[in-house]
Amino acid sequence: MSKLYTFLKYFFITFWTVFVVAPFLWAVSTSFKDFQSVNSKVTYIPWLDFEPTLEGWRVLIKSPAKGGVDIVEPYFNSIFVTCTASLISIVLGTLAAYALSRFTFKAGFVRNNDITFFFISQRIMPPIVLSIPFFIFLSTIGLLDSLLGLVVVYIVLLMPIAVWIMVDFFNRVPKELDETALIDGCNPYQAFYKVVLPNSIPGLIVAGMFCIIFGWIDFFFAFILTFTEVQLLPVKVVALNSSITPWWSLSASALVSVAPLIIVAFIVERYLSKGNLSGALK
Amino acid sequence: MNLIGEKISYKPDEQFHLNDVSFNFKKGNLYTILGRTLSGKTTLLKTIAGLLNPDQGSISFEEKDFIKIPVWERNVAMVYQQFINYPHLNVYENITFPLEQRKLSPEQIKKDVDDALKTVGLVGFENRKIQELSGGQQQRVALARSLAKKAKILLLDEPLVNLDYKLREQLREEFKRIFSEGLSQDTILIYSTTDPQEVMELNGEVIVLDEGKVLQKGPAKEIFENPSNLKVAEISNDPPMNVLKGSKNPKNLNFENISLEIPNHFKNLEDKDYNFGIRASEIKLDKNGEEFEIELAEISGSETLLHLKRGNSKIIALIEEVMNFKIHEKVKINFNANKFYAFAEDEKLVSSPYGGTNG
């Protein structure tokens, strides 16, 4: 019975690994091909099956004047927008979440749970509903087609995630921990940054990771709210697909655009398995 | 120079958490607050610590209005029933935390922390992480942090309730030692618990709290011997004191068709209806006794708790040996009338075997 279980377990893991990794391998292989190798017949292994070339990669950094597509600038635009919006969302979201978790708010019929739900409801709405309001809003304040405008919009999109994760996290940190800090001579601000924050690192990392992922992969708002001045990576990658699909540079740009997420996942994985709050919780 | 609370009330919702509580705590003394769960013990301690502000009433300490002083400037220490330590710091850093917060000199901090570690028996554990400690050790760290602060008011909120039986016994013994050796004469120690045995062992001044109200104040012995009313008698005994509705007539005591001779301390009682109280430990098995039906028999340690029934009365008897009983079996028991309490119909104490009367 347990042998069968072990077999099935490893069978499934192997199957899933192949399922997930195969497209990447294919993309890596394709990124080194040229027009001929892609269109002649199905090939997999460089040098044996086809003659590898770096053309697909070179195109990415060449300027359009020289026949390239230049994803360098959109790349840095994406990094800037994602990181700035994530950072601001985490800072504001963490403060909001702490307040929602620890203090009782009353405004008419509005209670803490209603405020938390208001934040989450921003993500429940389909993004397309928000597109027209955002467009009008940004054009009114003159931030359409600008990095700053994108940062503002992304904060609206990412902060609910931060609030949601952090409220849940703070609710599981015993209130007595804050109280002990107060009794031990911390004022409320010191209690927050000397005791609560250092014990919230796992939560902050999870929230940060989600913000970065959702910010990085957003295509919809980047597509609607920018035209010529500013371009973000996902839009640029999709725009590569013209009358003749350049599979080689499309593969290369797809690989460089998922690379940061893979790196983030590897860094975060260590922290997630290491840090926990068991000492405070029980 | 005392810690004085006057007419403190706290009512955050429909119910009073504290209802007109007054106290006068003197330095160098141990006070225990005895009450069931949700009786307001924690609320009272938090109010003294400054984590809660009462709706009414005043607290003063060393002639200063305590309520105007925020928690972090009050210099109190508190140990919670949950084992609360700073999980991101190791044992040593946990204990230094409040001292560094008060900006003491490094030499002073080192000395105070070493003393505290010695007192709670955690020398050698300085670099351990909190998560690596057992529950009892975690609670020792919390206690050490409180002791090292040398706070003038030390609050312990049911510190032993989350520990297993053996550890609780052991730590309780140590608490008695720590309280007598490790504390300065400047300290007011306030200890809350649901366990009457703990109250008796710590042997301090007791405040019995129920539904936010103070039911009785006095030395532990006085509470045990002369509980001022039925509720106190229930709260201050484990198992709770048995109550039998009955009456006294010129010849004997009557309850559930049982007649007992009138004990000496009841001789001067008026002849009327009473609530008689008798401790579970004063009921003995006796072949010539009265017949009761067993509803439940629990063996705990070397004792057996018998839940008995006769007519409308349900009582608990504590038999000091392990015996096997069948449920619904009949047993014969004997009441020691000399240990009977009499409470009036309004539940106030009328006569106790230890000479107390409130009537």
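Residues numbered from 1 in each chain as written. Chains lettered and ligands numbered in written order. Predicted model: local features only at pLDDT ≥ 70, side-chain atom pairs only at ≥ 80, totals over all residues.

### Digging into the environment of Lys248(B)
Residues and elements named next belong to chain B. Our working rule: Counting from the N terminus, the helices are DSSP H or I runs at least four residues long and the strands are E runs at least two residues long. Whether two residues are in contact is decided by their C-beta atoms, placed from the backbone, lying within 7 Å.
Within the element layout of this structure, Lys 248 appears in strand S11 (residues 242–248). Considering only alpha carbons, one finds Lys 248 and Tyr 274, 26 residues apart in sequence, at a separation of 7.3 Å. Among all residues touching Lys 248, those that are not within four sequence positions of it are Leu 253, Ile 262, Phe 266, Leu 269, Asp 271, Lys 272 and Tyr 274.

### Some thoughts on the environment of Asn2(B)
Structurally, Asn2(B) is set in the segment before strand S1 (3–10). Remark: the alpha-carbon pair of Asn2(B) and Ser60(B), spanning 58 residues in sequence, is separated by 7.8 Å.

### Considering the packing of helix H4 (residues 72–102) of chain A against helix H10 (residues 201–217) of chain A
Residue and element names in this part refer to chain A. Condition: To obtain each axis, a line is fitted to C-alpha atoms, and for helices this fit is confined to the stretch in contact; angles are then taken between N-to-C directions over 0 to 180 degrees. Helix crossings get a hand from a simple test, with the near helix turned counterclockwise from the far one by less than a right angle marking a left-handed crossing and a clockwise turn marking a right-handed one. Throughout, the ten residues Ala, Val, Leu, Ile, Met, Phe, Trp, Tyr, Cys and Pro are labelled nonpolar, Asp, Glu, Lys and Arg are labelled charged, and all others, Gly among them, are labelled polar.
Axis separation between H4 and H10 bottoms out at 9 Å; the angle between their running directions is 140°. Where H4 crosses over H10, the handedness of that crossing is right-handed. On H10, the residues touching Ser 78, Val 81, Thr 82, Ala 85, Ser 86, Ser 89, Ile 90, Gly 93 and Thr 94 of H4 are Leu 204, Ala 207, Gly 208, Cys 211, Ile 212, Gly 215 and Trp 216. Split by residue class, the contact of H4 with H10 holds eight nonpolar, eight polar and no charged.

### Description of the confidence of the model for chain A
All names here are of chain A. Stated precisely, the cut-off is as follows: You can read pLDDT as the predictor saying how much it trusts each residue, on a scale of 0 to 100.
Looking at chain A, pLDDT values average 87 and 96% of them are 70 or higher. Predicted confidence in chain A is weakest over helix H14 (residues 278–281), with a mean pLDDT of 39, and strongest over H4, with 94. Note on residues 275–282: pLDDT is under 50 here. Beyond four places in sequence and across chains, it has 18 contacts.

### So, the interface of chain B and chain A
Across the boundary between the two partners, chain B contributes 20 residues, which contact 18 residues of chain A. Secondary structure elements with two or more residues in the side of chain B that touches chain A: strand S6 (76–79) and helix H2 (91–101) of chain B. Looking at the side of chain B that touches chain A residue by residue, the classes come out as 14 nonpolar, five polar and one charged.

### Some remarks on the sheet that holds S1(B)
All names here are of chain B. Cut-off, in case you're wondering: For two strands to pair, DSSP has to find at least two bridges joining them.
Strand order across the open sheet formed by four strands is S2-S1-S4-S5, with antiparallel pairing between neighbours. Two strands close off the open sheet at either side, each with one partner strand: strand S2 (18–25) and strand S5 (64–65). Pairing geometry for strand S4 (residues 56–61) and S5, over two bridges, is antiparallel. Among the inter-strand pairings, Ser 60 is bridged to a residue of S5, identified as Asp 65. Contacts from helix H1 (residues 41–49) reach S1, S2 and S4 within the one sheet, and its direction differs from that of S2 by about 60°.

### Comments concerning the nonpolar core
As a reminder of what qualifies: Structurally, a nonpolar core is described as a collection of buried Ala, Val, Leu, Ile, Met, Phe, Trp, Tyr and Cys residues joined by way of C-beta atoms within 7 Å. Neighbour density around each residue's C-beta defines its exposure: 20 or more other C-beta atoms within 10 Å make it buried, 12 or fewer make it exposed, and counts between make it partly exposed, where C-beta atoms are placed from the backbone.
Core analysis: the biggest nonpolar cluster contains 146 residues, and Ala162(A), Ala144(B) and Leu155(B) have the highest contact counts within it. It is helix H7 (residues 147–172) of chain A that contributes the most residues to this core, 17 residues altogether. Residues contacting Ala144(B), with those up to four places away along its chain left out, are Ile95(B), Ala116(B), Leu117(B), Val120(B) and Leu122(B).

### Some thoughts on the pairing of S6(B)
Residue and element names in this part refer to chain B. The alternating pattern of S6 places Val 76 and Met 78 and Ala 77 and Val 79 on opposite faces, both of which are buried. Sheet analysis places S6 next to strand S7 (residues 153–157), joined by four bridges and oriented parallel. The residue of S7 that forms the bridge with Ala 77 is Leu 154.

### Notes on the domain arrangement of chain A
Residue and element names in this part refer to chain A. Defined as follows: What counts as a domain boundary in this text is fixed by an automatic or database domain assignment.
Domain annotation of chain A identifies domain 1 (2–53) and domain 2 (72–281). Centre-to-centre separation of domain 1 and domain 2, based on C-alpha positions: 33 Å. Here the element with the most residues in the side of domain 1 that touches domain 2 is helix H1 (residues 2–31); it accounts for four residues. Class assignment of the residues belonging to the side of domain 1 that touches domain 2 gives a composition of three nonpolar, two polar and two charged.

### With respect to the packing of H2(B) against helix H3 (residues 106–120) of chain B
Residues and elements named next belong to chain B. Spelled out, the test is: In these notes the angle categories are as follows: under 35 degrees is roughly parallel, over 145 is roughly antiparallel, 65 to 115 is roughly perpendicular, and the rest is oblique.
The geometry of H2 relative to H3 is characterised by a closest axis approach of 10 Å and an angle of 130° between their N-to-C directions. By the angle between their axes, H2 is oblique relative to H3. In terms of crossing hand, the pair formed by H2 and H3 is right-handed. In this structure, H2 contributes Tyr 92, Ile 95, Thr 96, Leu 99 and Glu 100 to the contact, and H3 contributes Ile 109, Asp 112, Val 113 and Ala 116. Residues of the contact of H2 with H3, tallied by class, amount to six nonpolar, one polar and two charged.

### Some thoughts on the domain arrangement of chain B
Residues and elements named next belong to chain B. In terms of domain boundaries, chain B breaks down into domain 1 (3–226) and domain 2 (233–351). Each of domain 1 and domain 2 has a C-alpha centre, and the two are 37 Å apart. With eleven residues of domain 1 at the interface, the matching set in domain 2 holds five residues. Elements supplying a minimum of two residues to the side of domain 1 that touches domain 2: helix H6 (196–202), strand S9 (205–210) and helix H7 (220–225).

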